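Each chain, written out:
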Amino acid sequence: MATEKTDVSSMELDDQITTDPKFSINVLQLLKSAQMQHGLRFGDYTRYRRYCTARLRRLYKSLKFTHGRGKYAKKSVTASTVTEVRFLHLVLYTAERAWSHAMEKRQLPDGPNARQRSYLIGRLRKAVKWATLFAELCAIKGDSRTSLEAEAYASFMKGNLLFEQDQNWDVALKSFKSARQAILFTKRELGKYGDLDNQVLCRERVEELEPSIRYCLHKIGESNLQASELVHIGEIEGPALDLFKAKLEAVMAEARTQQAASMTEFHWLGHRFPISNAKTRVSILKAQELEKELNDRMEGALPAEKRLAVFDKIFAAYNEARGSIRSDLATAGSSENIKDDLSGLDKAIGAVLLQRTIERNQLLVSIAKSKLSKAQNEKVTKPEELVRLFDLLLQNTSDLSDLLSSGRDRKEEEVALIEECEIKELIFRAERCFFLAKSYSSAGKRTEAYSLFSFARSLAENALKKLRSATSRDQVTIKELETLYNNCRSNSCIEHAMGIMEHEKAPEDLSKKISTVSISGTDRKVSIRKKHNLTTKQLLHIVKYCIMST
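All of these numbers come straight from a predicted model, not from anything done at the bench.

Undergrad: Hey, could you run me through the environment of Asn 487 in this one?
TA: Within the fold, Asn 487 resides in helix α17 (residues 475-515). Sequence separation of Asn 487 and Arg 457 is 30 residues, and the distance between their C-alpha atoms is 8.4 Å.

Undergrad: I'm lost on the packing of helix α2 (residues 27-37) against helix α3 (residues 45-63) in this one. Help?
TA: Helix-helix packing is characterised by the crossing angle of the two axes and by the distance between the axes. Packing of α2 against α3 brings their axes to within 9 Å, and their N-to-C directions diverge by 120°. Classified by the interaxial angle, the pair formed by α2 and α3 is oblique. On the side of α2, the interface is formed by Leu 31, Ala 34, Gln 35 and Gln 37, while α3 contributes Arg 47, Tyr 48 and Tyr 51. Among the residues making up the contact of α2 with α3, the classes are represented as four nonpolar, two polar and one charged.

Undergrad: I tried to follow the pairing of strand β2 (residues 271-274) on my own but got confused; where do I start?
TA: For a regular strand, the rule is simple: side chains alternate between the two faces of the sheet. Only one face of β2 is buried: it carries His 271 and Phe 273, and the other face, with Arg 272 and Pro 274, is open. In this structure, strand β1 (residues 265-268) lies alongside β2, joined through four bridges in antiparallel fashion. Each residue of the ladder has a partner; that of Phe 266, found in β2, is Phe 273. What sits between β1 and β2 in their antiparallel hairpin is a turn of two residues, with Leu 269 showing a positive phi close to 50°.

Undergrad: Help me understand helix α8 (residues 196-219) in this model?
TA: Here α8 is 24 residues long and its end C-alpha atoms lie 36 Å apart, about the 34 Å a rise of 1.5 Å per residue gives. Where α8 bends most, at Glu 210, the angle is about 25°, and the proline Pro 211 comes one to four residues later.

Undergrad: I'm lost on the packing of aromatic side chains in this one. Help?
TA: How two aromatic rings sit relative to each other is set out by the distance from centre to centre and by the angle between their planes. By the definition in use, this model includes 14 aromatic pairs. Ring geometry for Phe 163 and Phe 176: centres 6.1 Å apart, planes at 80°, overall edge-to-face. Here Phe 163, found in helix α6 (residues 144-165), pairs with Phe 176, found in helix α7 (residues 169-193); they are 13 residues apart in sequence, far enough to count as distant. Among the residues examined, Phe 176 registers a relative accessible area of 0% and is labelled buried. Joined through ring pairs, the aromatic side chains of Phe 390, Phe 428, Phe 434, Phe 435 and Phe 453 make up one cluster.

Undergrad: Could you clarify how one ought to interpret the pattern of salt bridges in this entry?
TA: Note that side chains of opposite charge can pair when their charged atoms are close. The tally for this structure, following the rule as stated, stands at 21 salt bridges. Between Arg 356 and Glu 359 there is a salt bridge; the shortest N-O distance is 2.9 Å. Of this pair, Arg 356 and Glu 359 both sit in helix α13 (residues 336-370), three residues apart, roughly one helical turn. Given the relative accessible area of 16%, Arg 356 is considered buried. Bridged by salt links that share partners, the residues Arg 106, Arg 117 and Glu 164 form one connected network.

Undergrad: Sorry, what's going on with unusual backbone geometry here?
TA: One non-glycine residue, Lys 64, lies in the positive phi region at around 55°. Residue placement: Lys 64 occurs in the loop between α3 and α4 (85-106). Its relative accessible area of 72% is what places Lys 64 among the exposed residues. The backbone of Leu 269 sits at a positive phi, close to 50°, despite the residue not being glycine. Residue position: Leu 269 is located in the loop between β1 and β2. A relative accessible area of 22% means that Leu 269 is categorised as partly exposed.

Undergrad: So what exactly am I meant to see when it comes to the layout of surface pockets here?
TA: A water-sized probe, rolled over the atoms, reveals where empty space remains. Volume-wise, the second largest pocket comes out at about 1,500 Å³. Along the wall of the second largest pocket there are 47 residues; nearest its centre are Gln 362, Lys 424, Asp 474, Thr 477 and Glu 480. Elements with a minimum of two residues in the lining of the second largest pocket: α11 (278-296), α12 (304-330), α13, α14 (383-405), α15 (412-442), α16 (446-469) and α17. Per-element tally for the lining of the second largest pocket: the top contributor is α15, with 13 residues.

Undergrad: How do you make sense of α14 when you look at a structure like this?
TA: Residues three or four positions apart in an α-helix share a direction because the helix packs 3.6 residues into each turn. Here α14 spans 33 Å end to end across 23 residues, near enough to the 33 Å set by a 1.5 Å rise per residue. Within the sequence span of α14, burial applies to Pro 383, Leu 386, Val 387, Leu 389, Phe 390, Leu 393, Leu 394, Asn 396, Thr 397, Leu 400, Ser 401 and Leu 404. Against the buried residues of α14 lie β1, α13 and α15.

Undergrad: Honestly, the nonpolar core in this entry has me stumped. Any pointers?
TA: Looking at soluble globular proteins, one finds that nonpolar side chains tend to be buried together. Phe 266, Trp 268 and Leu 481 are the most contacted members of the largest nonpolar core, which has 66 residues in total. Those elements that place two or more of their residues in this core are β1, α11, α12, α13, α14, α15, α16 and α17. With 44 residues, the next largest nonpolar core counts Phe 65, Leu 88, Trp 130 and Ala 150 among its residues.

Undergrad: Sorry if this is basic, but what is going on with the environment of Arg 86 here?
TA: Relative to the helices and strands, Arg 86 is located in helix α4. Remark: the alpha-carbon pair of Arg 86 and Tyr 60, spanning 26 residues in sequence, is separated by 9.3 Å. Residues contacting Arg 86, with those up to four places away along its chain left out, are Leu 59, Ser 62 and Leu 63. Among the polar contacts made by the side chain of Arg 86, one reaches the side chain of Ser 62 at a distance of 3.0 Å.

Undergrad: Just to check I follow, could you spell out the packing of α4 against helix α5 (residues 114-141) for this structure?
TA: Running from N to C, α4 and α5 cross one another at 160°; their axes reach a closest spacing of 8 Å. Here α5 runs roughly antiparallel to α4, going by the angle between their axes. The crossing of α4 and α5 is left-handed. Residues Leu 88, Val 91, Leu 92, Thr 94, Ala 95, Ala 98, Trp 99, His 101, Ala 102, Lys 105 and Arg 106 of α4 form the contact with α5, whose own contacting residues are Tyr 119, Leu 120, Arg 123, Leu 124, Lys 126, Ala 127, Trp 130, Ala 131, Leu 133, Phe 134, Leu 137 and Cys 138. Across the contact of α4 with α5, the residue classes break down as 17 nonpolar, two polar and four charged.

Undergrad: Help me understand the confidence of the model for the protein chain, please; the structure alone is not making it clear to me.
TA: Predicted coordinates in regions of low pLDDT should not be interpreted in detail. In this model, the protein chain carries an average pLDDT of 79, and 77% of its residues clear a pLDDT of 70 or more. Across residues 1-19, confidence stays below pLDDT 50; counting only partners more than four residues off in sequence or on other chains, it has zero contacts. Considering only residues more than four positions removed or in separate chains, one finds that residues 521-529, a stretch of pLDDT under 50, has 11 contacts.

Undergrad: Help me understand a nonpolar patch on the surface in this model?
TA: Taken together, Ile 494, Met 498 and Met 501 make up a surface patch of nonpolar side chains, about 280 Å² in accessible area. Examined against the element boundaries, Met 501 turns out to sit in helix α17.

Undergrad: I tried to follow the environment of Ile 213 on my own but got confused; where do I start?
TA: Tracing the sequence through the fold places Ile 213 in helix α8. Under the relative-accessibility criterion, Ile 213 is labelled buried at 2%. Linking Ile 213 and Ser 175, residues 38 residues apart in sequence, is a C-alpha distance of 9.3 Å. In this structure, Ile 213 is in contact with Leu 173, Phe 176, Lys 177 and Arg 180, ignoring residues within four places of it in sequence.

The rules behind the values
Residues numbered from 1 in each chain as written. Predicted model: local features only at pLDDT ≥ 70, side-chain atom pairs only at ≥ 80, totals over all residues. Heavy atoms only, no water. Helix = DSSP H or I, 4+ residues; strand = E, 2+ residues; numbered from the N terminus. Axes fitted to C-alpha atoms, helices over the stretch in contact; angles between N-to-C directions. Parallel < 35°, antiparallel > 145°, perpendicular 65-115°, else oblique. Contact = heavy atoms within 4.5 Å. Nonpolar A, V, L, I, M, F, W, Y, C, P; charged D, E, K, R; others polar. Buried < 20%, exposed > 50% of the residue type's maximum accessible area, 1.4 Å probe, protein only. Pairing = 2+ DSSP bridges. Expected span 1.5 Å × (residues − 1). Bend = angle between axes of the 7 residues up to and from the residue. Phe/Tyr/Trp six-rings, centres within 6.5 Å; stacked < 30°, edge-to-face > 60°. Salt bridge = Lys/Arg side-chain N within 4 Å of Asp/Glu carboxyl O. 1 Å grid on protein atoms, 1.4 Å probe; cavity = no way out; pocket = protein on both sides within 12 Å on 5 of 7 lines; lining within 4 Å. Points joined across faces, edges and corners; volume = space filled by probe spheres on them. Core = buried A, V, L, I, M, F, W, Y, C linked by side-chain atoms within 4.5 Å. Polar contact = N/O pair within 3.5 Å; in protein donor to acceptor, adjacent residues only side chain to side chain. Left-handed = near helix turned anticlockwise from the far one by under 90°. pLDDT = per-residue confidence, 0-100. Patch = residues over 30% accessible without salt bridge, like charges linked within 9 Å, V, L, I, M, F, W, Y side chains within 5 Å. Areas by Shrake-Rupley, 256 points an atom, 1.4 Å probe, with all protein chains shown as cover.

Dropping the structure here:
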């Protein structure tokens with residue numbers, strides 16, 4: 001009898017297991033859309049953490065799973081608790097909230113201090129705990145794909161924790177590889193059903209994991225990567241790489257500090273300025289590395305947006321160096337030699353900053369010129385925008401020329417740079433005048449446009465003469481100026497012809513308007529004015545002309 005009862009109970013249990021629904025969550029897609037829509041598109045982890053908190057509050061309330069009112073009564077999420085898919089969402093968003101809080105601490109301006117780093121690691125541990133629980137629940141309550149993606153998510157969180165702790169690199173490598181393997185398997189399964197969007201998402205996630213895997217291999221000595229190669233690895237974008245980039249920046253900063261110890265002078269246009277402040281040395285070294293990275297890349301190989309981002313980093317590094325120099329100047333005391341060296345160094349850094357600003361603005365001009373013609377889904381550049389950019393370039397060139405002319409004992413290199421500034425100023429003036437003429441032409445002002453095109457041609461001609469007589473001839477710039485000269489000439493001819501045509505057509509248009517004029521009544525006068533869109537003053541002149549002619 002007892003055996004019969006046990007058989008019946010085991011059969012009932014089997015029936016319950018088979019009838020339990022298997023929940024399905026597209027974990028990668030869910031996280032991607034939540035992250036992109038709530039702050040991580042711009043790296044705003046604070047906003048994303050607040051979204052996770054609000055989402056959890058709504059889930060707890062809708063599931064009626066709150067932790068008591070007044071006195072806190074903890075409720076655990078177990079396999080028996082999970083009666084619908086929202087319970088799995090509850091665990092997932094708790095892990096995401098802990099992870100985003102850790103990443104928020106990682107993004108502090110000066111980096112986390114010892115106490116904040118301890119808190120950061122605590123939040124990552126919490127994220128690992130909830131991610132592991134999520135994977136366990138999905139293994140029981142989820143379908144095979146949900147279980148795989150949850151396992152990949154938990155492995156990624158474990159790897160992040162070990163990555164931040166700077167220990168157990170082999171275990172961290174195993175975790176990242178496990179996450180990659182699970183995502184690749186999911187991608188293969190999706191390929192059978194033709195789900196292209198999710199396949200692309202899986203490939204993106206795998207690409208985001210690759211830098212962390214290579215870095216772990218580098219740390220355990222199984223890869224001979226150099227520091228410059230690590231920088232190129234970190235160029236992939238994505239929230240999964242933010243921790244890797246923070247770690248990479250720390251490694252590069254340490255390498256710069258060691259390299260800066262041997263940097264004692266700053267060389268600029270034949271001058272040598274001693275650098276005693278370690279912080280100044282590190283900032284200058286960082287800027288020089290970024291400049292080298294910008295110059296080493298082939299023209300067009302690096303997208304314009306990324307080049308602009310590199311310029312911003314260069315400006316930040318040089319401004320940081322200038323801040324350190326000026327702090328040293330304030331505390332230099334009465335030593336004239338130290339003050340002269342620091343003032344010279346400040347002037348040199350300021351000149352380099354202006355040169356890079358000119359290069360950046362020239363890049364903006366090239367981007368704007370490429371959008372002058374109409375293209376699909378792109379805003380067309382107006383000539384007025386280019387006029388504004390050339391105004392900035394003229395101001396930058398003038399500032400650089402004034403700065404270089406301020407010294408007493410000028411070297412040959414400085415004189416050559418001043419001459420180059422004068423030529424650039426002529427070129428920028430010619431281009432500014434050309435686009436100003438374009439602006440007047442689009443407004444139908446033929447006389448002004450013709451005059452400006454003619455003036456731009458004379459400026460381009462003067463710039464060509466100076467450039468051809470200069471010691472260093474830039475053939476690319478000469479060709480660009482010749483093209484500008486020819487464009488000015490052809491456009492001035494077009495404006496002249498258009499002006500003559502409009503002048504010849506004007507009396508004909510006027511006679512048509514006059515032929516319909518009647519001075520017999522006010523109602524007729526109003527209708528004429530509306531028909532030809534004439535002002536009262538113009539209408540009175542026409543009527544006066546008609547009376548005088550009769």
